[in-house]
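# Structural overview
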Amino acid sequence: MSPRPSLPVRVRAALPPWLAHALRAQRGPVPWSAVVRGALAAGPLLLVAVLVDRVSLGVVAAVAAMLAGINDRPGSRRASVRRLGAPALAGAAGLLAGTYAGEHVGAVALTFVFTGLGLLAGGISAIGPVASGAGTQLLVAAAIGAGMPLPDSGWVRALAFLAGAGWLLVLRLVLPTPGALAGDFRRAPQGPGEPRHERLGAFRPGSRLDFRFDGERAAVATVYDAVAELLDATGTEDALARRAALTAALDHAQDSLAGPRLRRYASSAAERRLHAQYAAALPLAEAATALAWAGEPLTERASEGPRRLAAAVRGNASTGPLPAPSRSVPALRALDDALLRAADAFDQGGGGDLHTRRRGARDLLRTVFGVGGREYGLRVALCFGASAAVAQGLYHSHWYGQHTHWYWLPATAVFLVKPDLGPLVSRVLCRAAGTVLGALLFAAFAAVLPRPEGLVALVALCGALVPVSTRHFAAQTSVVTVLVLALVMVGGEPQASVSRITETLLACAIVLIVGHLPMPGERGGQVQARLTAAATAAHAYLVHVLDGPDTRDGVNTPYGTDHSGAARPLPSTGGTDSSGSALYAPDRSDVRAVRWTLRREAYRTLAEARTAIALSAAELPALARHTEGADEIAALLERLVDTTTACAVHLDETGSLSSRQSGQLAELLEELSAHRDRLGLPVEGPQGPAVAV
């Protein structure tokens, strides 16, 4: 789905950023596959539990399926194993811990336990999206385990939780994408005059029923489409946005292909072919970025080749003849060479390196205990602990009346406090509005629906709506509120819409207060950590390009010079050396493989930094001021990486840099040196010597 805002440009400009973000919604086609999976997940699980008279376990399994449905996003089946499985395992552990802590410790001790869990989950969430999902489910399940008394033991609840999430994962793996069984694939056009509606057929043997890799195939095809769109936008104002879209497409394809596997390498011919097609797109993306940096408009012929490659990927077909672009400048010659290599890779399909950098345990621990992880963990810990204390106080004072569940308040705080999920004030506004709407809708449904069959049907309906509702947090909150209230009513709790609204408003107040409290250390730690990572990756990429064996003349690099011509130790990259030791690049192909890995890392970390900066800028001014100017630094780093890419292509073709490239590099490095303290770059350290001014 596209993150384009649904508000008119003039209206957005007149609104403060925090309010504009709250009103922004994603666009895109309805994810019918996810809708079908959602309908077949929570509702049927609850129905089976009602029929076998194990309602409490059915409620737990349905909650797990609902949480997994929130994480059920477009992508490959292989990637969904990690995206759905890791949070489910964390949720089961949280449910087990919360159940036994709620049964064996007092209210004060339980509050400290929850605070410790919040500190752990918050630090882990700084690693990335999957880790953030795991942290969220760990805390939500812990609140449910302690605050939702059920007759089952902790380990039985944990198994039911795993069964619910596992059921949705099974559906994700075995159900085909709509159109896959019908053979709705498209082949590459065989000539420039062939109409698009006639490009059906020409399948490879076995492609009609091979829907296992439709997510990977769609992701790789999108990369080639993004290359074509960047070539079309070259020389226009849209070039920067198209380059960012290409980065997003490459990130998505890389994640789709690099999911967990039992074997080290791709085991099927279809998967090896997709790996080769992805690897063939990297030099195309590099050449297209260099052409966009040059800023000279191109003819339509330049983008026709990547579009035919995209159609060939989608149709699992041969490429056919590819139109050759002009070879008037080095970047166009690189584009032509990349097209030829891509056509050869499509025909052979022998596999290819994904050019990913594996993060070791030391890197992950550095992220968890770094400035971003510490700030994230402290914020989550305070909010989760405070909300648990307030919820227990209200529960023991009998404010709940007949209600024996107090999980709602801390669970709500978890969804609100996660910085990577959106700006604080935006999520508070959306959560409050969504809960009020959802609670009122459920009150109306509960008054007319028969029990339990009507409520089971309502759970199934809401499960189907969860994938669509993720476009806006208020809509998602409304759907989840109706679903959870229906679940607990099936489990025997009386109608509780009013109390849930009150608890949600309390959670919003707690999160807003804690989120604006003075914190030890410098605020904006997430943005600083992302910017530092992006700066380190950008300079590592620049050093490799300018000091690599292909450099013919001496160039003053930010980390010193080495013009001896000897093989140099290069950063370790995934898929190149399984031992994790330093790599040496004695030949041209190895040098380029490492270069593409470093380039991918530079652009990926820049995209992550941009996301963190955008979220921080949409906070209230009291928080947004801590990251003022970060967007300017990110723009400088993007220009540096774009320029480095143009230099790499030019060096491949000519062996030297143009005067424009040298001047641009010197100017960018001088500007970035002024921001060294802001980026947190060391004067000397494991990443290399200091940036030379």
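Residues numbered from 1 in each chain as written. Predicted model: local features only at pLDDT ≥ 70, side-chain atom pairs only at ≥ 80, totals over all residues. Heavy atoms only, no water.

### Section: unusual backbone geometry
- Cis rather than trans, the peptide bond between Arg451 and Pro452 has omega equal to 0°.
- Note that Pro452 resides in the loop between α18 (424–448) and α19 (453–469).
- Its identity is not glycine, yet Asp53 carries a phi of approximately 60°, on the positive side.
- As for its placement among the helices and strands, Asp53 is situated in the loop between α4 (42–51) and α5 (55–70).
- We classify Asp53 as exposed; its relative accessible area is 63%.
- Not every positive phi belongs to a glycine, and Asn316 is a case in point at roughly 50°.
- Here Asn316 falls in the buried class, since its relative accessible area comes to 11%. (Helix = DSSP H or I, 4+ residues; strand = E, 2+ residues; numbered from the N terminus. Buried < 20%, exposed > 50% of the residue type's maximum accessible area, 1.4 Å probe, protein only.)

### Quick notes on empty space enclosed by the protein
- Following the criterion strictly, the structure yields eight cavities of 30 Å³ or more and no others.
- Considering only enclosed or pocket space, the largest cavity measures out at about 190 Å³ in volume.
- Along the walls of the largest cavity sit 17 residues, with Met66, Tyr407, Ala411, Phe415 and Val484 positioned nearest its centre.
- Of all the secondary-structure elements, those providing two or more residues to the lining of the largest cavity are α5, α8 (129–147), α17 (408–417) and α20 (473–490).
- Broken down by element, the lining of the largest cavity gets its largest block of residues, five residues, from α20.
- Across the lining of the largest cavity, the residue classes break down as 14 nonpolar, two polar and one charged. (1 Å grid on protein atoms, 1.4 Å probe; cavity = no way out; pocket = protein on both sides within 12 Å on 5 of 7 lines; lining within 4 Å. Points joined across faces, edges and corners; volume = space filled by probe spheres on them. Nonpolar A, V, L, I, M, F, W, Y, C, P; charged D, E, K, R; others polar.)

### Focus: the side chain of Glu601
- Mapped onto the elements of the fold, Glu601 is located in helix α23 (residues 588–617).
- For Glu601, a relative accessible area of 18% puts it in the buried group.
- Once residues lying within four places of it in the same chain are set aside, the contact partners of Glu601 are Arg357 and Ala537. (Contact = heavy atoms within 4.5 Å.)

### Observations regarding a nonpolar patch on the surface
- On the surface, a cluster of nonpolar side chains totalling about 570 Å² of accessible area is made up of Leu89, Leu96, Tyr100, Trp155, Leu159 and Leu162.
- The set of elements that each furnish at least two residues to the nonpolar patch consists of α6 (77–104) and α9 (154–174).
- Along the chain, the position of Leu162 falls in helix α9.
- Taking the relative accessible area as the measure of exposure, Leu162 reaches 32% and is therefore partly exposed. (Patch = residues over 30% accessible without salt bridge, like charges linked within 9 Å, V, L, I, M, F, W, Y side chains within 5 Å. Areas by Shrake-Rupley, 256 points an atom, 1.4 Å probe, with all protein chains shown as cover. Salt bridge = Lys/Arg side-chain N within 4 Å of Asp/Glu carboxyl O.)

### Observations concerning the packing of helix α16 (residues 371–396) against helix α21 (residues 497–515)
- Remark: α16 packs on α21, axes separated minimally by 10 Å, with the N-to-C direction vectors making an angle of 145°. Pair α16 / α21 crosses with right-handed handedness. Residues Arg379, Leu382, Cys383, Ala386, Ser387, Val390 and Leu394 of α16 lie in contact with α21, whose contacting residues are Leu506, Ile510, Val511 and Val514.
- Of the residues contributing to the contact of α16 with α21, the split by class is nine nonpolar, one polar and one charged. (Axes fitted to C-alpha atoms, helices over the stretch in contact; angles between N-to-C directions. Left-handed = near helix turned anticlockwise from the far one by under 90°.)

### Side note on the confidence of the model for the protein
- A residue-level look at the protein finds 82% of positions with pLDDT of 70 or above and a mean pLDDT of 81.
- Across residues 1–5, where pLDDT falls below 50, the model places 15 contacts with residues more than four positions away in sequence or in other chains.
- Predicted confidence is poor over residues 682–693, with pLDDT under 50, and the contacts of this stretch with residues over four places away or in other chains come to 18 contacts. (pLDDT = per-residue confidence, 0-100.)

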